[in-house]
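These are the residues of each chain, in order.
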Amino acid sequence: MTLTEQVRLAGVVGAGGGGFPAHVKLASRADIVIANGAECEPLLHKDAAVMQHMAARVVRGVELTMQEVAAKEGVIGIKAKKKQAVEAIADACAGTRVRLHLLGDYYPAGDEYDLVHAVTGRLIPPQGIPLQVGVVVQNVETLVNIAAAADGQPVTHKTITIAGAVPHPLSLTVPVGMLYRDALAAAGGMLGDDSVLCIGGLMMGRISMDPDTPVTKTDTGVIVLPRSHPVVQRKLQPAQVQASIGKSACDQCRYCTEFCPRYLLGYAVEPHQVMRSLAFTATGQAHWNEFAALCCACGLCTLYACPEALYPKEACDASKEELRKMNFKWTGAAPAQPHPLHDGRRTPIQSLMRKLSIEEYDHHAPLETHRLHPTRLVLPLKQGAGVPNYHIAYHPMKSIGLIELSSIATGFLVADAMLKAGDVTLILSRSICSGKYMVLVGGETASVQSAVEAGTQAAHGCLIDQFVIPNVHPDVFASIGRSQPPPVSGALGIIESFNVATLIEAADAAVKAAPVTLIDTRLAMAMGGKAFCTLTGEVSAVQAAVAAGRRLVAERGLLVNAVVISRPHPDVYREII
C-alpha cells in the first residue's frame, strides 16, 4: 500500500485550519516540500508546541512526503522567535535533507502564498495552488499525522491551544470530537459568565457561544474573550449593519489595500475598490467585485488597517460569493514581482495585538499532559474540504476481544464473521510477524464475546489464540493504534511481553494502578510476535504502574522486561513520539 493510500485511509486532512485532504497533495509531483509552522494567529501556539515536542515526527513526515512526491528539498518554515521549537527542529533535521527557514514575526506569515514566496521566491498563479510552482505545503501537525499514517495509525487526536480569558492558558492534545467545555476545564474554565469562544483565532476564526461545540481535525485552538470585548462586538454585527456602515462611511483612503498581504505580493486585490460595490446596484457592482477575487480572507483590512473600523474583508467575502454565483473565473495576469514596499509593510504581531486590545492575554501556553476522559464525543461528518463523510454507528467500547490466526486469508474471513456477529468496533485487522494475522475488536462485553465465538468458529483450524478482556480502561483503547501520542514528560515506563493478550492486560493494570498516561501500545508488528507499552507521569506513579503491569506479566511467565527511566534524555522522547 502506498503512503498516499495509507494517508487517505487514516483520514489525514490539513490540521492548520484548511482541512484539505492530505492524500491529494501526496498524489502529485513537486520539487520542494514545505512544512508550515509559521502560526501567525495571535495567542495560538499549538504548532510551536507540536514542533517542540514532536520534532522527530515532523521531520519524518517531511521526508515521507518528499519521497512520495519525488521532491529534492524539504523546508520547515518557523518563526525565529519560537526558540525552543527552532532548537528541537534543528536537532531533528541534523543528518537529513530537511532544512530550517526562519521567518519574521508578522501576520499572515502562514498564508501559503506568502510562505511559498518567502521560502522559494516563487509566486503562485492567481487563484492557483502551490503545486503549480512545484511546491507541496503541509501544516506541521499534518506531517505528524502523515508519519503516524505510515505506521497504520488513523487520526483520532488533535493538538489545540486554549488562551484568552482563562486562568491557565495551555496547549493540549485531545480526542477529536471532545467538547470545548471539557477541554476548557483543563485550563481552569472561562473567566466570566458572558465569555464567548473564538475558535481558530481572532483573525480568521469563528465566534461560538456554545461551549459544547466539538473539537474537529482542523481546529487550531480557542481564544476565550468577554462578550463585551471590542473585537467580539465587531464580529457580532449583522452583515446588513456592516454593509450599511461601509456604504455611508468609507472615504476610499486605500489603507485596506495598502496593507493587504496579497496586494503587497503583487496580486490584483484592492479592498477599497470592493467597498465601492456597496454603493452600486447590480448594474455596476460586478466590476468592483472582481477586486475581491484573489482575497485570502486574512481579516487584516478589517481588524487592523481600516482607520474607521469598517468591514472591507466582509465586503470581499460577499463579493466572492456573488462571483461564485456568476461562475466568475479570474483571467488577469499573474504578478511579476511583489510590491516595492512588500517587506516594509508587513504587520508585526505585537502591533496587531495592540490594535486588537489583547495584550493582556499574551501568555505562554505550554503543551501539558492532562488525562482527559470525555464522557461524550461529537464527530461532525464534515471536518475538512470536500464532501461530508458518511455515518458509521459508534459502539461504546468496554471490553477487548482478540483472535490470532496462522493464515492471513482466513484472517479476513474471521474479521468479517466477528463484525457480523456482534455490535463491535474493529480496532485492528492486519498481518503480523511470521505470517500470522490478528483481529482485535472492542465493544460491550456481551457483544465482544459473541464476536470472538463467531470468529473462533470461522477459523477452520487456523486458530492460534483468542481472548476477551472485560472492563478495559479507556486509555488502553486510545493507546492502541494511536495517531498522535500525547506529550511525554516526567518519567518513562516500558513493559514488554512475549504475548499480545498479556500485554494488553498489563497495560490495563498499569493505568488503573496509578495516575499515568499511556503513550503507546504496540502489538506484534515487526517484533517477532512480542508486544510492549510505554507510559509517562511522575516518577513514583510510573514506578507503581510498571510494577503492577510487570507483576501480571511475570505471573503468566511471559515477561521480557519492564523498566523505568526517571529522567529520559530528550532524544529518547523524540524516538517515542
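Since the model is a prediction, treat every value here as computed from it, not as a measurement.

Q: What is the right way to look at the overall build of the protein in this model?
A: Along the backbone of the protein there are 23 helices and 19 strands. Relative to the globule expectation of 25 Å for 577 residues, the C-alpha radius of gyration of the protein, 26 Å, shows essentially globular dimensions. Taken along the three principal axes of its C-alpha coordinates, the protein extends 80 × 45 × 45 Å. Considering the protein as a whole, with its 577 residues, one finds that 55% of them fall into the buried category. Long-range contacts, defined here as pairs at least 24 residues apart, represent 74% of the contacts in the protein between residues at least 6 apart. If you sum the accessible surface of the protein, you get close to 23,900 Å²; carbon and sulfur atoms cover 53% of it. Of note, the protein has its 50 positive side-chain charges centred 3 Å away from the centre of its 51 negative side-chain charges.

Q: Help me understand the side chain of Lys 320, please; the structure alone is not making it clear to me.
A: Structurally, Lys 320 can be placed in helix 16 (residues 312-325). Among the residues examined, Lys 320 registers a relative accessible area of 14% and is labelled buried. Leave out the neighbours within four places in its chain, and Lys 320 touches Ala 292, Ala 293, Cys 295 and Ala 297.

Q: Would you mind going over the state of the cysteines with me for this structure?
A: Between two cysteines, a covalent bond joining their sulfur atoms is known as a disulfide. The final tally for this structure, using the stated rule, is zero disulfides. Cysteine Cys 316 remains unbridged, with the sulfur of Cys 295 as its closest cysteine sulfur at 4.4 Å.

Q: In this structure, what is going on with the side chain of His 229? I would like to understand it.
A: Within the secondary structure, His 229 is located in the loop between strand 10 (221-226) and helix 9 (230-235). Every residue in contact with His 229, bar those within four places of it in the chain, is listed here: Leu 356, Ser 357 and Ile 358.

Calculation notes
Residues numbered from 1 in each chain as written. Predicted model: local features only at pLDDT ≥ 70, side-chain atom pairs only at ≥ 80, totals over all residues. Heavy atoms only, no water. Helix = DSSP H or I, 4+ residues; strand = E, 2+ residues; numbered from the N terminus. Rg over C-alpha atoms; globule rule 2.2 N^0.38 Å. Buried < 20%, exposed > 50% of the residue type's maximum accessible area, 1.4 Å probe, protein only. Contact = heavy atoms within 4.5 Å. Areas by Shrake-Rupley, 256 points an atom, 1.4 Å probe, with all protein chains shown as cover. Lys, Arg positive; Asp, Glu negative; His and termini not counted. Charge placed at Lys NZ, Arg CZ, Asp CG, Glu CD. Disulfide = S-S within 2.5 Å.

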